[in-house]
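Chain residues, written in single-letter form:
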Amino acid sequence: MNTVRYDTIIYNGIVITVDPAFGVHQGGAVAIADGRIRKVWHPQAGEPLPSASETIDACGGIVMPGLVNLHTHLPMSLFRGLADDLPLQKWLNDHIFPAEAVHIDPASVRLGARLSCAEMLLGGTTTCCDGYFLADDVAASVVTMGMRAVVGQGVIDFPAPGVPDPSCNIDVARDFARQWSGRSELVRPAIFCHAPYTCSDQTLIKAKEAAESLGVLFQIHAAETRNELHQVQASHGCSVLSHLHGLGILNARTLLVHAIWVDARDIEQIAASGAPIAHCPESNMKLGSGVAPVPDFLEAGITVGIGTDGCASNNDLDLWGEMDALAKLHKVQRLDPTVMNAVTVVRMATMGGAAALGLADDIGSIEPGKQADLIVIDVDQPHLTPIYHPASHLVYAVRAGDVRHVMVGGKWAVQDRRLTGFDLDGLLAEGVRFAEKVKNKIKV
């Protein structure tokens, strides 16, 4: 007699595993116990389901791994739409940095981070990689929301929220990483150097050394704009990535964000170093930054995941829209409808992000032994009917509002499109009150 009893069984779904074979189980089922996936199978007709504390009928919907948003600035949801249609440097220097100086404190960081987590969870994103200031408050908010994240404390050579003295920037980041190492199953700490144009070479080297000594991820915006490339060429006589390579910054624990203005030699150096890349197509498009050569990255064997960037430069945290934009952007830029096919893009949004964060053994696919981070998509609606190729639907047709259930580590974060155990209405009201304060201080 089979005495195995599971915590949760999800059945009657189109299970897209995103395993190495990209297996798809029509009418499939997933069994979960102790927060992890224990069994993935296709029950035969008339076969009784194993014993479980709860059984969830997917109603023919798609069951897949939770999405991984590889680059966010969670508290910046508070500045969504504050300053649009501007070049990056003007947007940062004239609008975002001044707004942060006035309005960002521990309370606002917690509010913005919770708003962002709510948006992502409701849209099927179960893990994100964040970089911002007051990271202790960001990390605590992620845990409160029941989401998974790599959270980076920001490092910049200017006064910043929580770090009024820039000479302490690396000490603050190091202390944060130490405090959060092993503190929560949901959060891993990281160190986030803003960019080569806001951090000196000495800061970059010391921050990377701190990250290496603590065994945590190092994140950096790199080669995002043509102006950044020209600035580094003028001061160092080489490309942004070659400069970082020369400083010893590149290795498998360095997440390069954007990486738009790169050449063939840069790609070779990135590939040889093992550094992964966070591709943020909508932010890159909106800021007029350029098009990263993602097909070339993949051909070179570089790990690439998808990020939204922050809400102030996107203006949402919707990875479904990001996947659709990514696929079409590279097709039109290359004049080739076969590049960035749907399966490739789905892998980037799940296993690509997981691998970039060093979490590929734990998340990113529906396989026995992995964390039960998964979502159920309601396909019983006109824009998702009929279904011929499920992966195609995920990239070109699914919307954030189609996500019905979300599970993180075996616990329900969203059920029937509602956050579990959290007052969303109260959170939204807080966001509205914050915006009124911003409007009273800054002409918008």
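Here is what the cut-offs are and how they apply
Residues numbered from 1 in each chain as written. Predicted model: local features only at pLDDT ≥ 70, side-chain atom pairs only at ≥ 80, totals over all residues. Heavy atoms only, no water. Buried < 20%, exposed > 50% of the residue type's maximum accessible area, 1.4 Å probe, protein only. Helix = DSSP H or I, 4+ residues; strand = E, 2+ residues; numbered from the N terminus. Pairing = 2+ DSSP bridges. Core = buried A, V, L, I, M, F, W, Y, C linked by side-chain atoms within 4.5 Å. Axes fitted to C-alpha atoms, helices over the stretch in contact; angles between N-to-C directions. Contact = heavy atoms within 4.5 Å. Arc of directions from axis to C-beta. Phe/Tyr/Trp six-rings, centres within 6.5 Å; stacked < 30°, edge-to-face > 60°. Lys NZ or Arg CZ within 6 Å of the ring centre and 35° of its normal. Disulfide = S-S within 2.5 Å. Salt bridge = Lys/Arg side-chain N within 4 Å of Asp/Glu carboxyl O.

Asks: Help me out: how do you make sense of the pairing of strand β14 (residues 374-377) in this one?
Replies: Consecutive side chains along a regular strand alternate between the two faces of the sheet. Across the two faces of β14 the burial is the same, with Leu 374 and Val 376 and Ile 375 and Ile 377 all buried. Pairing of strand β5 (residues 62-65) with β14, which is carried by 4 bridges, proceeds in the antiparallel orientation. Bridge pairing links Met 64 to Ile 375 in β14. In this sheet, strand β15 (residues 403-408) lies alongside β14 in antiparallel orientation, the contact comprising 4 bridges. Paired with Ile 375 across the bridge in β15 is Val 406.

Asks: In this structure, what is going on with the nonpolar core? I would like to understand it.
Replies: Within soluble globular proteins, side chains that are nonpolar generally end up buried alongside one another. Formed by 119 residues in total, the largest nonpolar core has its most connected members in Met 64, Leu 241, Leu 244, Leu 256, Phe 297, Trp 320 and Ile 377. It is helix α2 (residues 106-122) that contributes the most residues to this core, 8 residues altogether.

Asks: Even after reading the chapter, I still don't get the sheet that holds strand β11 (residues 254-258), so can you show me in this structure?
Replies: Either a parallel or an antiparallel arrangement is found when strands of a sheet pair, and the pairing is made through backbone hydrogen bonds. Sheet architecture is open: 8 strands sit in the order β6-β7-β8-β9-β10-β11-β12-β13, paired in parallel fashion. The open sheet is flanked by β6 (67-72) and β13 (304-306), the only strands paired with a single partner. For this sheet, the mean inter-axis angle between neighbouring strands, taken without regard to orientation, is 25°. Docked against the sheet, helix α11 (residues 319-334) engages β6, β7 (125-132), β12 (277-279) and β13, running at close to 80° with respect to β6.

Asks: Help me out: how do you make sense of helix α6 (residues 226-236) in this one?
Replies: Since the α-helix advances by 3.6 residues per turn, residues separated by three or four positions end up pointing in the same direction. Those residues of α6 lying buried are Glu 228, Leu 229 and Val 232. Projection of α6 onto a plane perpendicular to its axis shows the buried side chains occupying an angular sector of 100°, all on one side. The exposed set on the far side of α6, more than 90 degrees from its buried face, consists of Asn 227 and Ala 234. Packed against the buried residues of α6 are β10 (217-222) and α7 (240-246). Positioned one or two residues after α6, Gly 237 has a phi angle of 70°, which is positive.

Asks: Even after reading the chapter, I still don't get the packing of aromatic side chains, so can you show me in this structure?
Replies: In this description, an aromatic ring pair is defined by two values, namely the gap between the centres and the angle between the planes. According to the stated counting rule, one finds 3 aromatic pairs in the structure shown. Their ring planes at 55° and their centres at 6.3 Å tell us that Phe 79 and Phe 434 sit as a pair that is tilted. Taken together, the residues Phe 79 in the loop between β6 and α1 (88-103) and Phe 434 in helix α14 (residues 424-441) connect sequence positions 355 residues apart. Taking the relative accessible area as the measure of exposure, Phe 79 reaches 1% and is therefore buried. You can call Phe 434 buried: its relative accessible area is 5%. Sitting above the plane of the Trp 41 ring, Lys 39 keeps its charged end 4.4 Å from the centroid. Here the guanidinium or amino end of Arg 183 rests over the ring plane of Trp 180, the centre of that ring lying 4.0 Å away.

Asks: Just checking my understanding: could you explain the pairing of strand β3 (residues 36-41) for this structure?
Replies: Bridge analysis of strand β2 (residues 24-33) against β3 gives 5 bridges, and the strand direction is antiparallel. By the bridge assignment, Ala 29 is partnered in β3 with Trp 41. Counting the residues that bridge the hairpin from β2 to β3 gives 2 residues, and of these Asp 34 lies at a positive phi of roughly 55°.

Asks: Where do I start with the state of the cysteines in this structure?
Replies: This model, assessed by the stated rule, comprises 0 disulfides. As a non-bridged cysteine, Cys 168 has Cys 199 as the owner of its nearest cysteine sulfur, 15 Å distant. Free of any disulfide, Cys 311 has its nearest neighbouring cysteine sulfur in Cys 117, separated by 11 Å.

Asks: What is the right way to read the pattern of salt bridges from this model?
Replies: Oppositely charged side chains can form a pair if their charged atoms are brought close together. What the rule picks out here adds up to 17 salt bridges. As a salt-bridge pair, Asp 171 and Arg 174 come within 2.9 Å of each other at their nearest N and O atoms. One end of the pair, Asp 171, and the other, Arg 174, are both in helix α4 (residues 169-180), 3 residues apart, so they sit about a helical turn from each other. Here Asp 171 falls in the partly exposed class, since its relative accessible area comes to 40%. With a shortest N-O distance of 3.0 Å, Arg 404 and Asp 416 are connected by a salt bridge. In this pair, Arg 404 is assigned in strand β15 and Asp 416 in the loop between β16 (411-415) and β17 (418-419), connecting sequence segments 12 residues apart. The class of Arg 404 is partly exposed, set by a relative accessible area of 22%. Among the residues examined, Asp 416 registers a relative accessible area of 47% and is labelled partly exposed.

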